[in-house]
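Close look at the chain arrangement
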Amino acid sequence: MAGRNTTTKILRVGVIQNGTIIEERLFRKRETVTIGSSFRNTFCVSAPQIPGSFNLFDVKGGNYLLNFDSSMAGRISVSGSVHTLDALRKNKKIPQKGKFWTISLDEKSRGKVEVGDVILLFQFITPP
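A short tour of the structure in this document, coming up.

Regarding its fold elements, the protein presents one helix and 12 strands. Overall, the protein shows an N-to-C arrangement of helices and strands of β-β-β-β-β-β-β-β-α-β-β-β-β. Relative to the globule expectation of 14 Å for 128 residues, the C-alpha radius of gyration of the protein, 15 Å, shows essentially globular dimensions. Each of the three principal axes of the protein carries a C-alpha extent, and together these read 50 × 35 × 25 Å. Counting contacts in the protein only where the partners sit at least 6 residues apart, residues at least 24 apart contribute 50% of the total. Surface exposure of the protein reaches about 7600 Å², of which carbon and sulfur atoms provide 50%.

Next up, the structure:
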């Protein structure tokens with residue numbers, strides 16, 4: 001339809017454990033994405049560093065936020081710049097809430113978050 005924005009991208013998340021892709025999902029609607037050992041999580045993964053449930057992605061004002069804690073490593077690209085999670089934890093502009101930090105993502109964001117032997121890859125894609 002003319003005048004209608006059809007370019008809204010969706011979140012794609014892949015989970016790799018012990019070097020094997022165990023799951024991949026496309027999130028067509030903006031929703032909280034959780035990881036942890038509980039079967040109630042979006043992605044059920046087990047690693048000593050992962051709590052029973054952790055909100056990896058939250059949604060605020062229609063935008064995704066990435067939450068990460070001190071046990072997580074990785075790299076993300078946000079607003080055209082690549083950052084390690086360690087550098088973001090040291091950045092005073094990135095808010096820390098309790099034991100985790102939060103960064104707002106845009107539709108060009110992509111990244112890799114490592115927790116123990118679990119790797120989560122994410123990016124925003126045009127819906128198939």
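From this point, the discussion proceeds with the structure in view.
Phe57 and Leu66 are the most contacted members of the largest nonpolar core, which totals 31 residues. For this core, the element with the highest residue contribution is strand 12 (residues 118-125), accounting for four residues. Those residues within four positions of Leu66 in sequence are excluded, and the remaining contacts are Leu56, Phe57, Ile76, Leu85, Trp101, Thr102, Ile103, Leu105, Val113 and Phe122.

With that out of the way, let us pick up the side chain of Gln17. Checked against the element boundaries, Gln17 lands in strand 1 (residues 10-17). Here the side chain of Gln17 touches Ser46 through a polar contact of 2.9 Å, landing on its backbone oxygen. Sequence-distant contacts of Gln17, defined by excluding residues within four places in its chain, comprise Ile22, Val45, Ser46, Asp117 and Val118.

With that settled, consider the sheet that holds strand 12. As summarised here, the arrangement of the six strands in space is 2-1-12-11-7-8, forming an open sheet in which the pairing is antiparallel. Taken across any chain shown, the strands that pair with only one partner, and hence form the sheet edges, are strand 2 (20-27) and strand 8 (81-84). Adjacent strand axes in the sheet meet at a mean angle of 15 degrees, parallel and antiparallel pairs treated alike.

Reading the values: the criteria
- For every chain, the first residue of its written sequence is number 1, and the numbers climb from 1 along that sequence.
- Local features in this predicted model are restricted to residues of pLDDT 70 or higher, and side-chain atom pairs are both shown and tallied only at a pLDDT of 80 or more, whereas totals for entire chains, interfaces and linings draw on every residue.
- Side-chain calculation: all heavy atoms of the structure are included, whereas hydrogens and water are not.
- Secondary structure is summarised from DSSP: a helix means a run of H or I of at least four residues, a strand means a run of E of at least two, and numbering begins at the N terminus for each.
- This radius of gyration counts C-alpha atoms alone. The globule rule is 2.2 Å times how many residues there are, raised to the power 0.38.
- We call two residues in contact whenever any of their non-hydrogen atoms come within 4.5 Å of each other.
- Computed with a 1.4 Å probe, the accessible areas rest on the Shrake-Rupley method; for each residue, only the protein chains presented here act as cover.
- To qualify as a nonpolar core, a set must consist of buried Ala, Val, Leu, Ile, Met, Phe, Trp, Tyr and Cys residues joined through side-chain atoms within 4.5 Å.
- Accessibility here uses a 1.4 Å probe with only protein chains present; expressed as a share of the type maximum, an area under 20% marks a residue as buried, one over 50% as exposed, and anything in between as partly exposed.
- Identification of polar contacts relies on pairs of N or O atoms within 3.5 Å, with a donor-acceptor requirement for protein atoms, meaning one able to donate a hydrogen and the other able to accept it, and with residues adjacent in sequence counted only if both atoms are side-chain atoms.
- In this scheme, strands are said to pair when DSSP sees at least two bridges between them.
- The convention used is that axes are lines fitted to C-alpha atoms, helices contributing only their stretch in contact, and that angles between N-to-C directions extend from 0 to 180 degrees.

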